[in-house]
Amino acid sequence: MDLLTTAYDPGEFRRQGHALIDLLADHLDKVHQRTPAAINYQAPNDALAEWTARLEEQPQAAGDLFATMLDRSVQVHHPHFMGHQISPPVPIAALAGLVGDFLNNGMGVYEMGVGGTASEQAALRLVAKSLGFGDGAGGFLTSGGTLANVTALLTIRSVKAPTAVWTDGAREPLAIMVSEEAHYCVDRAVRIMGWGEAGVIKVPSDEHYRMRTDLLEDYYQRARQAGITVLAVVGSACSTAAGAFDDLNAIADFCAKHDLWFHIDGAHGAALAFSPTYEHVVAGLERADSVCMDFHKMLLTPSITTALIYRDVRDSYRTFQQRADYLLEWEAREEWHNLARRTFECTKLMIGFKVYTILATYGTDLFEQYVTRVCDLGKAFAELLRRQPDFELLIDPPCNIICYRYAPAGLDDEALNTLNARIRQTMLLDGDFYLLQTSLRGRTWLRSTLSNPFTTKADLEAVIRRIEAVGSELVGY
Ligand SMILES: *Cc1c(COP(=O)(O)O)cnc(C)c1O
């Protein structure tokens, strides 16, 4: 057989596919039982050397490669995975992803992805409703919170700027207001648009790392006096490092008063709206003009799957153009299916089908149970940490992001910063638990996102004991 015939042979595919699913299912089983370690860290040059050497030995069996990749990756399904804000994907969504990868329908135009486009839009409408939006709401899925925020800011510029920037270029200084704790991509998006440093007005945060909404009026007036036109306020739900939620109702009131656009960067935390127990944390979310929400962070979907939802879907047609209203009206009714008109992507993965498959299989109940479970874990972890004399908690965690540090008596901040960074480094190499560190207001904190629904209280106690053991050894007790 020639190579092409071999590569596309249905029998070979069936054999490899069955073997792969068996491998993944066995792996999931093992990981749930806490073997192997949560992370198998290799130094960058060692990893590169290994993968380079492998490539020189062709051909290799796909099964061996797949098994090696499982071993050399972070196990997000591991109950000791307490690191980045990423979901352990629910297996059915990974299978839907395989279907999408196999079909490879580009979706740039409707006819090149009929099922992909329609399933995405059906899922998105259900999601918008679940977040509390009305019938006029809509949007699309795009590739990540970063891209969704850039897209939203471009919409804001088209809708709210006093002149037609899309056709004529920027004629006056424009700005948005955002918490100083916001994800860096908001700042970056503003600079990409060419508004420079003055285009992002950073409002200070309070002792709970929430935007000081009491300062909005003052910052707004000062910008106006400086000749800057403020178009919008971006609320963080939540901020990435500390996991703090801005007061969305207060921002909505302020935006209504000054006719500003209200965008929510809800990449991580908008998902709390799915949980009756935690939806109060995002009260006011449905008053936003636009919201971005990552499905790969809190909604069990493989990366990268992000919704950008507009309260009035007609606005989504204005991102890349400035046109008469009757045309927008027509597009909103008739052109919902040509997604590339509204997204950065031309060719796009069938990401919507993953979300659709989760919803069609388990309904929004799965999201509700998951969000509630991991936020409960956040509370439980905070409760345990509060009871440890040698630990400090940054804030009462509103969701599943927790910042804490090992802080035995007698060490100043500088010593504690070094100590916690070394604890984290030791634990990374050791691999049993995966956690992160972050720096806030000059202090280094350990940071965990509890995103595994199978993490138990015993796991949380175990990580505390482990940090304590590593930490006390480093201090030399
Ligand atoms: C993670 C995150 C982003 C970036 O989203 P990606 O999907 O990683 O591009 C933006 N904003 C906030 C608040 C986040 O938590």
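Residues numbered from 1 in each chain as written. Predicted model: local features only at pLDDT ≥ 70, side-chain atom pairs only at ≥ 80, totals over all residues. Heavy atoms only, no water.

Undergrad: Looking at this model, I keep getting lost on the site of the ligand. Mind explaining?
TA: With respect to spatial proximity, 14 residues lie near the ligand, and among them Gly 145, Thr 146, Asp 265, Asp 294 and Lys 297 are the closest. Here Gly 145 contributes a backbone N or O atom positioned 2.7 Å from an oxygen atom of the ligand. Between the ligand and Asp 294, the relevant distance is 2.9 Å, taken from an oxygen atom to a side-chain nitrogen or oxygen of the residue. Contact with the protein chains covers 86% of the free accessible surface of the ligand, which is 380 Å². Mapped onto the shell around the ligand, the elements with two or more residues apiece are α7 (145-160) and α12 (295-298). For the shell around the ligand, the class distribution of residues is three nonpolar, eight polar and three charged. (Near = heavy atom within 4 Å. Polar contact = N/O pair within 3.5 Å; in protein donor to acceptor, adjacent residues only side chain to side chain. Areas by Shrake-Rupley, 256 points an atom, 1.4 Å probe, with all protein chains shown as cover. Helix = DSSP H or I, 4+ residues; strand = E, 2+ residues; numbered from the N terminus. Nonpolar A, V, L, I, M, F, W, Y, C, P; charged D, E, K, R; others polar.)

Undergrad: When you look at helix α3 (residues 44-56) in this model, what are you seeing that I'm missing?
TA: Quick reminder: α-helices carry 3.6 residues per turn. Residues three or four places apart thus point the same way. For α3, built from 13 residues, the straight-helix expectation of 18 Å at 1.5 Å per residue is met to within 8% by its first-to-last C-alpha distance of 19 Å. Considered for burial, the residues of α3 that qualify are Ala 47, Glu 50 and Arg 54. What you see down the axis of α3 is that its buried residues fit within an arc of 65°, all on one side. Across from the buried face of α3, at angles greater than 90 degrees, the exposed residues are Pro 44, Asn 45, Leu 48, Leu 55 and Glu 56. Contact partners of the buried residues in α3: α4 (62-71). (Expected span 1.5 Å × (residues − 1). Buried < 20%, exposed > 50% of the residue type's maximum accessible area, 1.4 Å probe, protein only. Arc of directions from axis to C-beta. Contact = heavy atoms within 4.5 Å.)

Undergrad: I'm lost on a nonpolar patch on the surface in this one. Help?
TA: A surface patch of nonpolar side chains, amounting to about 410 Å² of accessible area, comprises Phe 13, Val 99, Phe 102 and Leu 103. By the secondary structure assignment, Phe 102 is in helix α5 (residues 91-103). Owing to a relative accessible area of 59%, Phe 102 belongs among the exposed residues under this scheme. (Patch = residues over 30% accessible without salt bridge, like charges linked within 9 Å, V, L, I, M, F, W, Y side chains within 5 Å. Salt bridge = Lys/Arg side-chain N within 4 Å of Asp/Glu carboxyl O.)

Undergrad: Can you help me understand the side chain of Ser 290 in this one?
TA: On the secondary structure map, Ser 290 appears in strand β6 (residues 290-294). Within the structure, the side chain of Ser 290 is placed 2.8 Å from the side chain of Trp 261, a separation counted as a polar contact. If near-sequence neighbours (up to four positions away) are discounted, Ser 290 is found in contact with Ala 152, Trp 261, Phe 262, His 263, Ile 264, Leu 308, Ile 309 and Tyr 310.

Undergrad: Hey, could you run me through the state of the cysteines in this one?
TA: Such a bond, covalent and formed between the sulfur atoms of two cysteines, is termed a disulfide. Under the counting rule described, the total for this entry stands at zero disulfides. Unpaired in this structure, Cys 185 has its nearest cysteine sulfur neighbour in Cys 292, at a distance of 7.1 Å. Overall, Cys 185 belongs to the buried group, its relative accessible area being 3%. There is no disulfide at Cys 238, and the cysteine sulfur nearest it, in Cys 399, is 4.1 Å away. (Disulfide = S-S within 2.5 Å.)

Undergrad: How do you make sense of the side chain of His 80 when you look at a structure like this?
TA: By the element assignment, His 80 lies in the loop between α4 and α5. In this structure the side chain of His 80 is engaged in a polar contact, spanning 3.0 Å, whose partner is the side chain of Asp 459. Those residues in contact with His 80, other than ones at most four positions away along the chain, are Arg 34, Ala 38, Asp 432, Phe 433, Tyr 434 and Asp 459.

Undergrad: Help me understand the packing of aromatic side chains, please; the structure alone is not making it clear to me.
TA: Working definition: an aromatic ring pair is given by the centre-to-centre distance plus the angle between the planes. With the rule as written, the count across this model stands at twelve aromatic pairs. With a centroid separation of 6.2 Å and an interplanar angle of 50°, the aromatic rings of Phe 140 and Tyr 310 are classed as tilted. Of this pair, Phe 140 sits in strand β1 (residues 138-142) while Tyr 310 sits in strand β7 (residues 306-310), and the two are 170 residues apart along the sequence. Take Phe 140 and Tyr 310: they sit in the same class, and that class is buried. Judged by centre distance (5.1 Å) and plane angle (75°), the ring pair of Phe 381 and Tyr 404 falls under edge-to-face. Linking Phe 381 in helix α15 (residues 364-386) with Tyr 404 in strand β9 (residues 401-406), this pair joins segments that are 23 residues apart in sequence. Residue class for Phe 381 comes out buried when judged on its relative accessible area of 0%. Of the residues examined, Tyr 404 reaches a relative accessible area of 0% and is grouped as buried. Site record: aromatic cluster; members linked through ring pairs are Phe 140, Trp 261 and Tyr 310. The lysine or arginine in question, Arg 125, covers the ring of Trp 336, its NZ or CZ lying 5.7 Å from the ring centre. (Phe/Tyr/Trp six-rings, centres within 6.5 Å; stacked < 30°, edge-to-face > 60°. Lys NZ or Arg CZ within 6 Å of the ring centre and 35° of its normal.)

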